[in-house]
Amino acid sequence: MQYYFGNISLVLLDSNRDVRSSVRTSLRLEGFGDVRDTGRVERARQWVEEAGPDLVIADSDCLGGEDCRLFHGIRHHEFGEDPFIPMIAVLTEGMPRQFRSAVDSGADHILVKPVSIEVLLERVALLIRKRKPFVVTCDYIGPDRRREPRPGPSAPLIEVPNVLRAKATRSADAIELRREIRRATAEVNKRKMERDAFQISWLVERAAVSDDEAQRTAHLKRLLETTEDLARRLDGTSQEHVSGLCRSLIHVATNIVVGNPLPGGRDLKVMPHLAAAIRTAFPDEASAKIARDISE
């Protein structure tokens, strides 16, 4: 099937200007109408926030691999309107840490240098034909990479919008696409909040029983990250009342990390109650008053 690339907007991130120029020229010769290239992660992020590209291609060597943080930010909806933007990472061979980081960031495809324009276009065509459903866990949001179902219960799969296909086949309906993105984003947000709440309980339990100070601090720092993520996601949802509990837990955990806990270990004792209240708040909307009372 012949695809039309003229309406597809693309961000190319690579620290090598010559490589960017070559890839940009090749993509434009293939019919891509809007190719923006940069060697700076900040600039790429700005384009994601302002323009909402349909595809991101990034060299993981760029600025020490910060593109994976860019990918992570897109997938976790920390900036931009579409957390489902297709993303292709280009890696240097023999760099397992880079590969792991790219996988964990939620990249759709990972290519190893050198990459020809033909191979790149094949991967774009794969993304046009079929997007893999997304999976949401405590630490990951992105395409489901399992070849076959794992035994036991697993995270539900979420079908995501395929803006590339809509534009490449000239079947794009801007209003319908925005509606699909909002629907899928709300579903991902719901799943991530549920997993954040579970993770909070788990981390509080580990921090409370740990006798190793370094390990306890590591659990508490991860707890702060998870609780801050949950508080951010609660904004504008029916569980927004839980954000007060999150702020209280963040305050308590921060006191312990910086070495200013309440006398008698009261901070460590109150954390499990806050975590339990947060966990209970999903999905019971009637718990709003209880959540406020406990927070106060």
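Whether parallel or antiparallel, the strands of a sheet pair through hydrogen bonds between backbone atoms. The strand order S2-S1-S3-S4-S5 describes an open sheet built from five strands, whose pairing is parallel. Each end of this open sheet is capped by a strand with a single partner; those strands are strand S2 (34–38) and strand S5 (109–112). Between one strand axis and the next, the sheet turns through 15 degrees on average, direction left out of account. Sheet topology places strand S1 (residues 9–13) next to strand S3 (residues 55–59); four bridges connect them, and they run parallel.

Where S1 meets S2, five bridges bridge the pair, whose relative direction is parallel. Residue pairing for S2: Leu13 is matched across the bridge by Thr38.

Attention shifts here to the layout of surface pockets. Counted as a void, the largest pocket has a volume near 510 Å³. Along the walls of the largest pocket sit 28 residues, with Gly52, Glu81, Asp82, Arg178 and Ile181 positioned nearest its centre. When residues of the lining of the largest pocket are traced back to their parent elements, those giving at least two are helix H2 (41–51), helix H6 (163–168) and helix H7 (174–209). With six residues, H7 is the single largest residue contributor to the lining of the largest pocket.

Side chains of a nonpolar character, in soluble globular proteins, are inclined to be buried together. Formed by 26 residues in total, the largest nonpolar core has its most connected members in Ile200, Leu223, Leu230, Met271, Ile278 and Phe282. At the level of secondary structure, the elements contributing two or more residues to this core comprise H7, helix H8 (213–234), helix H9 (243–257) and helix H10 (266–280). No other element matches the seven residues that H9 contributes to this core. Each residue touching Ile278, except ones within four places of it in the same chain, is listed here: Ala197, Ile200, Leu230, Val242, Leu245, Cys246 and Leu249.

Here is what the cut-offs are and how they apply
- Residues numbered from 1 in each chain as written.
- Predicted model: local features only at pLDDT ≥ 70, side-chain atom pairs only at ≥ 80, totals over all residues.
- Heavy atoms only, no water.
- Pairing = 2+ DSSP bridges.
- Helix = DSSP H or I, 4+ residues; strand = E, 2+ residues; numbered from the N terminus.
- Axes fitted to C-alpha atoms, helices over the stretch in contact; angles between N-to-C directions.
- 1 Å grid on protein atoms, 1.4 Å probe; cavity = no way out; pocket = protein on both sides within 12 Å on 5 of 7 lines; lining within 4 Å.
- Points joined across faces, edges and corners; volume = space filled by probe spheres on them.
- Core = buried A, V, L, I, M, F, W, Y, C linked by side-chain atoms within 4.5 Å.
- Buried < 20%, exposed > 50% of the residue type's maximum accessible area, 1.4 Å probe, protein only.
- Contact = heavy atoms within 4.5 Å.

All quantities given are derived from atomic positions and should not be read as evidence of function.
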